[in-house]
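# A structural walkthrough
Spelled out from the first residue to the last, the chains are:
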Amino acid sequence: MLIDRGFGALLVFERTTGLEEYVQSATRLDALVSAELLHQVFFRGSPLHDGAVLIRQDRLVAARCLLPLSDNPILGPELGTRHRAAVGITEGTDAICVVVSEETGAVSIAEHGDLHRLPDHSHLERELGAFLAPLGVERGDADGRSNLFLGLWRQRATRAGPRVSAVVAPSAGRASQ
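Bear in mind that the values here come from a model prediction, so they are computed numbers and not experimental data.

This part is about the pairing of strand 1 (residues 9–13). Most of strand 1 sits out of view: five of its five residues are buried. Residues A9, L11 and F13 point to one face of strand 1 and L10 and V12 to the other, with burial holding for every one of them. Note that strand 1 and strand 5 (residues 96–100) share five bridges and pair antiparallel. Each bridged residue has a counterpart across the sheet, and for F13 the counterpart in strand 5 is I96. Bridge count for strand 1 against strand 3 (residues 52–56) is three bridges, and the pairing is parallel. Among the inter-strand pairings, F13 is bridged to a residue of strand 3, identified as I55.

Here it is as structure tokens:
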């Protein structure tokens, strides 16, 4: 849905490394993550659309988070600020970032300073689940703290809107880029 609308996005999922320092200079929200909220934040006319959102478990803690930019020379010149910020925050923390390119609609995940471009939007939920699963916990076991977000999206999909993969990815009628 973000891709359908041509929205770029940067979502930071906190794991064990605290990210409070990035919340301090951001706009605090402390709201339950929902498709509607993410649409409002990343809408180009929104005062919150610049920067990243920080997600802690099932809460969107802050928007307009300013993140460190990676200066890794391996990153190609075609990657903009949003991608460099995704890599930058993951170089010094154990956070996971989902980045959606405003220009191409491509979805990537950053972890430990590496950027993984997904082949298409259908891989997002599986990949994000694997990255967020606590060590030793199989994907789909929502007992772990890090899996709470994915469990929330699966549970709420039938009554309150789409899962994170559906929020970020295009609707069925549009081919992925």
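Let's shift gears to the confidence of the model for the chain. Low pLDDT marks stretches whose predicted atomic positions should not be read closely. The pLDDT averaged across the chain works out to 76; a share of 71% of its residues lies at or above 70. Overall, residues 169–177 carries pLDDT values under 50, and its contacts beyond four positions in sequence, including any with other chains, amount to 18 contacts.

What follows deals with unusual backbone geometry. One non-glycine residue, D30, lies in positive phi territory at about 50°. With respect to the helices and strands, D30 occurs in strand 2 (residues 27–32).

Conventions used here
- Per chain, residue numbering runs from 1 following the sequence as it is written.
- Where totals are concerned, whole chains, interfaces and linings use all residues; where local detail is concerned, this predicted model gives features only for residues with pLDDT of at least 70, and gives and counts side-chain atom pairs only at 80 or more.
- Processing note: side-chain calculations cover all non-hydrogen atoms of the structure and skip hydrogens and water entirely.
- Each residue gets one of three labels from its accessible area relative to the maximum for its type: buried under 20%, exposed over 50%, partly exposed in between, using a 1.4 Å probe on protein chains only.
- Strands are runs of DSSP state E lasting at least two residues, helices are runs of H or I lasting at least four, and both sets are numbered from the N terminus onward.
- Pairing between two strands is assigned when DSSP locates at least 2 bridges connecting them.
- Along the chain, pLDDT gives the predictor's confidence residue by residue, from 0 to 100.
- Any two residues whose heavy atoms approach within 4.5 Å at even a single point are treated as in contact.

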